[in-house]
Amino acid sequence: MLYAGVPASYGKKNGVWYASPGNQGWGGSGATPARLGRKPSVTEVDNMPSGSLKPSAGRVIRIINSHDHSVQCRVLLNLRTSQPFEEVLEDLGQVLKMIGAKKMYTSHGQEVRSFSQLRNEFAEVETFYLSNTPSLPVGALGPGVIPPSPGRRSRSRLGGSVPDDLSKTTARQRARSKSRPRVLYAPENELVRASSDYPLLDAMKEEPTRITIRGLRRTFYPPLHHPPIDNAPPDKKLSLFWVHGYRGIDSKRNLWVLPSGELLYYVAAVAVLYDREEDAQRHYTGHTEDIMCMEVHPSRELVGSGQRAGRDRKSQAHVRIWSTESLQTLYVFGMGELDSGVIAVAFSQLNGGSYILAVDAGRESILSVWQWQWGHLLGKVATLQEGIWGATFHPLDDNLLITHGRGHLAFWHRRKDGFFEKTDIIKPPSRTFVTCVQFEPDGDVITADSDGFITIYSVDADGAYFVRMEFEAHNKAISCLVMLSEGTLISGGEKDRKIAAWDSLQNYKRITDIKLPESAGGVRSIYPQRPGRNDGNIYVGTTRNNILEGSLQRRFNQVIFGHGKHLWALAAHPDDEVFATGGHDKYVALWRRQKLIWTTSVGYEIIALAFHPYGAALAAGSSEGHLIVINAENGATMLTIRVCGSPLNAVEFNQVGDMIAIGSQNGSIYLFRVSRDGFSYKKINKIRGSQPLTHLDWSSEGNFLQSVTVDFDLLFWDVKSLSPEKSPIAMKDVKWLTSNSTVGFLVAGLWNNRYYPAPSNTVIATTARTAAQDLVAAGDADGYLRLFRYPCITPRAEFTEAKVYSGTLACVKFLYGNHSLVTVGGTDASLMIWELTEE
């Protein structure tokens with residue numbers, strides 16, 4: 001019996017896993033690594049020294065088809081099973097594609113009739129022949145070997161005869177296993193066919209690869225033939241071409257217009273400078289982690305930006321000063337001084353921006369002031385405020401700083417000795433959340449809060465601030481305030497989606513207001529299109545990651561579209577440089593490089609996408625278990641099917657497009673027959689599983705599937721028999737249509753690579769392979785995008801990399817032609833296009 005028996009517990013001794021005494025077999029047919037620990041594989045036992053396995057436990061033997069010697073294979077037999085020996089012969093016959101195997105013989109023609117003989121009399125014999133006839137034909141064992149006569153008895157080592165009643169145990173005398181597991185046989189392309197060019201022994205030379213993922217060791221088996229190992233870095237490098245979207249979902253003031261007319265904003269760790277007239281982008285990529293805040297220098301030629309802290313010394317929280325013209329980093333400060341991140345930066349105004357402030361995101365919320373040209377720290381103070389939302393210099397006093405946030409509005413006066421004097425404008429405790437601060441030309445302070453109120457503070461003759469006026473401007477939270485040059489105050493509502501104009505010269509009389517459409521989201525940031533002009537045209541960044549342009553006198557138009565929530569789903573068109581994305585915002589979008597073709601709302605959170613091989617249909621899997629079929633030409637929803645009640649994490653068509661496999665969070669794979677170029681679906685069946693699935697690959701011929709679980713186990717599935725394939729070695733030579741699976745022999749070098757920054761417990765979240773199968777791209781949970789040669793087998797494989805994310809890089813796909821690839825950022829909903837350029 002192959003890996004058969006009743007469920008067993010396992011123990012480890014001398015570095016090798018063994019079945020506990022008293023248990024039968026190597027593990028139950030339904031046992032999973034999550035429940036029983038690591039199971040010994042065929043090759044693991046096969047590669048052990050000859051004396052490391054107890055004869056009473058199991059044996060590795062070579063079996064040969066007596067009718068066709070080219071069909072042979074090595075298998076592990078469990079000698080302690082309760083299954084009758086006759087049934088084991090039938091199982092071995094299935095391994096060799098032999099129907100009704102009845103007899104086993106040694107190479108000398110001796111018949112093997114029991115497990116006892118395998119343990120004792122034939123303990124030194126490694127090769128056996130199988131026959132499905134009552135007697136072994138003459139010549140079946142090779143020339144010169146004569147089969148024994150029917151009356152011949154095999155002799156034991158003690159010289160006695162083996163009684164028939166010990167070797168011919170019937171089914172009535174021995175209890176059959178209640179649940180006989182399916183035979184773990186090798187598919188046709190796994191059977192070794194001996195030839196003078198590639199004998200059997202050569203097939204067993206290459207060792208399996210073993211890697212450790214999250215503390216568990218996994219083994220992957222080498223195919224008989226694969227491209228040679230090349231650990232050199234690829235001859236291509238990654239160049240960021242385009243960044244789609246805008247980060248408005250979880251950030252604050254983050255949109256400006258430069259003197260060149262370019263829009264400036266940030267996404268993940270990239271500062272984007274977008275020229276609408278030329279339809280071109282430039283990127284500042286000096287940051288190693290996500291940008292948390294940004295401010296433009298009064299000259300509008302420099303930018304200060306602060307990042308969050310990463311996991312290594314190179315990714316510490318700090319502030320960078322860089323040029324908008326050359327995109328060169330001019331100054332870096334705060335390394336080692338700032339803790340978990342920078343939540344606010346601001347330049348001073350009176351002295352031409354010589355000072356810059358930074359607020360640390362650590363527990364003490366330290367406010368520091370720097371003379372950035374020299375890198376001098378002028379002073380710092382622990383504000384001890386947990387909910388700081390922003391900070392700024394007073395425009396008429398470079399030594400007066402204002403911080404605001406949850407229940408907090410305070411003035412900080414920096415003295416010449418570097419110490420700070422604090423004045424609380426809002427006395428704690430207070431429920432008021434001050435969301436933004438602006439100033440009148442005479443220096444009066446304007447604040448907005450989470451309740452929708454705008455408050456103006458003036459100063460009396462003694463220098464004390466008091467509330468001059470307060471009024472309700474919006475129903476709920478106000479996210480931004482902008483004072484235009486002619487004295488008009490613009491306010492934007494995050495919840496009510498309204499933009500209102502107020503005349504500061506007429507005691508803040510409402511001039512007009514406008515409401516953004518629900519699909520655009522609430523207001524996050526506002527900036528004049530032409531600063532200094534009084535034409536009323538503005539840009540608006542929204543909470544759904546869009547940028548709009550317009551004015552309060554006319555409707556707003558979309559300039560930049562971005563998915564408004566988590567973005568996990570990505571699919572590349574099979575024969576065009578087109579790709580599709582789907583997000584938790586319930587939108588699916590089609591793109592041609594930097595151009596948005598269409599968007600459509602499908603009503604469900606989308607977490608998986610796949611193009612039909614003909615490219616006309618797009619299949620989307622939802623977090624609620626729905627399969628949505630979309631017309632790729634116009635975005636129309638053609639069909640919605642309720643597959644199950646669990647998220648559909650992976651959706652893949654086979655090569656010819658007549659079947660689709662859907663991997664679910666419940667561990668099962670659902671199969672549908674597909675027709676009409678991808679627009680008609682009929683459920684066939686499902687293959688039951690237990691571990692949540694994350695990635696799927698079809699085999700090239702469409703008979704098998706491989707999948708990856710959330711625990712990074714590589715599972716195989718037989719599409720024809722609708723059952724799991726539990727023998728990984730039997731699948732080692734299957735050719736896979738894609739390389740979505742993040743684990744396996746041909747991508748093992750992506751894990752635990754010696755060139756990763758230390759300490760590194762890198763978790764590979766996504767992989768993709770070029771159509772030419774010469775490159776593989778990998779994205780990990782730390783936001784790294786890496787490009788390797790394919791196959792990537794050893795941890796010594798070198799690579800080229802880029803880092804523009806702090807969180808998980810959710811998915812990567814090569815576009816048609818393999819000249820560029822696309823990445824999506826998961827939780828931050830970022831979408832980026834990379835070009836592969838020559839070194």
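Residues numbered from 1 in each chain as written. Predicted model: local features only at pLDDT ≥ 70, side-chain atom pairs only at ≥ 80, totals over all residues. Heavy atoms only, no water.

A short note on the overall build of the chain
- Tallying secondary structure elements over the chain gives six helices and 62 strands in all.
- For the chain, buried positions account for 56% of its 839 residues.
- Carbon and sulfur atoms make up 48% of the accessible area of the chain, which totals about 35,800 Å². (Helix = DSSP H or I, 4+ residues; strand = E, 2+ residues; numbered from the N terminus. Buried < 20%, exposed > 50% of the residue type's maximum accessible area, 1.4 Å probe, protein only. Areas by Shrake-Rupley, 256 points an atom, 1.4 Å probe, with all protein chains shown as cover.)

Description of the pairing of strand 49 (residues 659–664)
- Among the six residues of strand 49, six are classified as buried, and the element is accordingly described as predominantly covered.
- Relative to strand 49, strand 48 (residues 648–653) runs antiparallel, the two sharing five bridges. The residue of strand 49 that forms the bridge with Val651 is Ile662.
- Connecting strand 48 to the antiparallel partner strand 49 that follows it, the hairpin turn spans five residues, and Gly657 within it adopts a positive phi of roughly 80°.
- As judged from the five bridges shared by strand 49 and strand 50 (residues 669–675), these two strands associate in the antiparallel manner. By the bridge assignment, Ile662 is partnered in strand 50 with Tyr670.
- If you look at the hairpin formed by strand 49 and strand 50, you'll find four residues sitting between the two strands, and Gly667 has a positive phi there, around 95°. (Pairing = 2+ DSSP bridges.)

Considering the UniProt feature "repeat: WD" (unreviewed entry) in the chain
- The positions that UniProt labels "repeat: WD" (unreviewed entry) are, in the present scheme, residues 471–503 and 560–591.
- As a span, residues 471–503 carries 0% helix and 61% strand, and end to end its C-alpha atoms are 13 Å apart. (UniProt positions renumbered as here; feature names shortened; annotations may be inferred.)

A closer look at the environment of Asp290
- Checked against the element boundaries, Asp290 lands in the loop between strand 15 (280–284) and strand 16 (291–296).
- Judged by relative accessible area, which is 4%, Asp290 ranks as buried.
- Those residues in contact with Asp290 that sit more than four places away from it in its chain are Arg247, Ala268, Ala269, Gly306, Gln307, Arg308, Val804, Tyr805, Ser806 and Asp828. (Contact = heavy atoms within 4.5 Å.)

Overview of the environment of Arg414
- If you trace the backbone, Arg414 turns up in strand 26 (residues 408–414).
- Among the residues examined, Arg414 registers a relative accessible area of 10% and is labelled buried.
- Sequence separation of Arg414 and Asn399 is 15 residues, and the distance between their C-alpha atoms is 5.1 Å.
- Setting aside residues no more than four positions away along its own chain, Arg414 makes contact with Tyr355, Val369, Leu378, Asn399, Phe419 and Phe420.
- A distance of 2.8 Å separates a polar atom in the side chain of Arg414 from a polar atom in the side chain of Asn399. (Polar contact = N/O pair within 3.5 Å; in protein donor to acceptor, adjacent residues only side chain to side chain.)

Topic: the packing of aromatic side chains
- With the rule as written, the count across this model stands at 20 aromatic pairs.
- Ring geometry for Phe561 against Trp591: centres 5.9 Å apart, planes inclined by 40°, an arrangement best described as tilted. Placement of Phe561 in the loop between strand 39 (554–560) and strand 40 (567–572) and of Trp591 in strand 42 (residues 587–592) is noted, with a sequence separation of 30 residues between them. Per residue, the accessibility class of Phe561 equals that of Trp591, and both read buried.
- Ring geometry for Phe788 against Phe799: centres 5.1 Å apart, planes inclined by 50°, an arrangement best described as tilted. Within this pair, whereas Phe788 is found in strand 58 (residues 784–789), its partner Phe799 is found in the loop between strand 58 and strand 59 (800–803), the two being separated by eleven residues in sequence.
- Grouped by ring-pair contacts, the aromatic residues Phe561, Phe579, Tyr587 and Trp591 constitute a single cluster.
- Over the face of the ring belonging to Phe241 we find Arg593, whose NZ or CZ atom lies 4.4 Å from the ring centre. (Phe/Tyr/Trp six-rings, centres within 6.5 Å; stacked < 30°, edge-to-face > 60°. Lys NZ or Arg CZ within 6 Å of the ring centre and 35° of its normal.)

Side note on unusual backbone geometry
- Geometrically, the link from Tyr790 to Pro791 is a cis peptide bond, its omega value of 0° lying close to zero.
- Considering the arrangement of structural elements, one finds Pro791 in the loop between strand 58 and strand 59.
- At Gln773, a residue that is not glycine, the phi angle is positive and equals roughly 55°.
- As for its position among the elements, Gln773 is in the loop between strand 56 (764–769) and strand 57 (775–780).

Structural notes on the environment of His244
- Tracing the backbone shows His244 in strand 11 (residues 236–244).
- Separated by 349 residues in the primary sequence, His244 and Arg593 place their C-alpha atoms 9.6 Å from one another.
- Polar contacts involving the side chain of His244 include one to the main-chain carbonyl oxygen of Arg593, which spans 2.9 Å.

Observations concerning the sheet that holds strand 36 (residues 523–528)
- Pairing in this open sheet of four strands is antiparallel, and the strands run 36-37-38-39 from one edge to the other. The two strands at the open ends of the sheet, each matched to only one other strand, are strand 36 and strand 39. The average angle at which neighbouring strand axes cross in this sheet is 25°, direction not considered.
- Strand direction decides the pairing type here: strand 37 (residues 538–542) and strand 38 (residues 547–551), joined by four bridges, are antiparallel. Counterpart to Ile538 in the pairing with strand 38 is Gly550. (Axes fitted to C-alpha atoms, helices over the stretch in contact; angles between N-to-C directions.)

Some thoughts on the side chain of Arg218
- You can see Arg218 is positioned in strand 10 (residues 216–220).
- Engagement of the side chain of Arg218 in a polar contact is seen with the backbone oxygen of Leu216, the distance being 3.1 Å.

Regarding the nonpolar core
- Ranked by size, the top nonpolar core spans 61 residues in total, and within it Tyr265 and Met832 carry the most contacts.
- Both domains that meet at this core, namely domain 2 (209–238 + 564–838) and domain 3 (249–481), each give it at least three residues.
- Each residue touching Tyr265, except ones within four places of it in the same chain, is listed here: Gly245, Tyr246, Asn254, Leu255, Val270, Ala271, Val272, Tyr274, Gln281, Ile547 and Ile560.
- Ranked by size, the runner-up nonpolar core spans 28 residues in total, among them Val734, Trp736, Leu750 and Cys792. (Core = buried A, V, L, I, M, F, W, Y, C linked by side-chain atoms within 4.5 Å. Domains from an automatic or database assignment.)

Some remarks on the pattern of salt bridges
- As enumerated under the stated definition, the model contains 28 salt bridges in all.
- Its salt-bridge partner being Asp417, residue Arg415 comes within 2.9 Å of it at the nearest N-O pair.
- With a relative accessible area of 32%, Arg415 lands in the partly exposed category.
- One salt-bridge network, in which partners are shared between bridges, spans Lys103, Glu111 and Arg113. (Salt bridge = Lys/Arg side-chain N within 4 Å of Asp/Glu carboxyl O.)

Looking at the side chain of His318
- Mapped onto the fold, His318 is located in the loop between strand 17 (302–307) and strand 18 (319–323).
- Assessed through its relative accessible area of 1%, His318 is described here as buried.
- Apart from the residues lying within four places of it in its own chain, the contact partners of His318 are His287, Ser305, Gly306, Gln307, Val332, Phe333, Gly334, Met335, Leu338 and Val342.

Remarks on the sheet that holds strand 32 (residues 478–483)
- The strand order 32-33-34-35 describes an open sheet built from four strands, whose pairing is antiparallel. Two strands in the sheet have a free side with no partner beyond their single neighbour: strand 32 and strand 35 (509–515). Neighbour-to-neighbour, the strand axes of this sheet turn through a mean angle of 20°, independent of strand direction.
- In this structure, strand 32 lies alongside strand 33 (residues 488–493), joined through five bridges in antiparallel fashion. Each residue of the ladder has a partner; that of Val482, found in strand 33, is Ile490.

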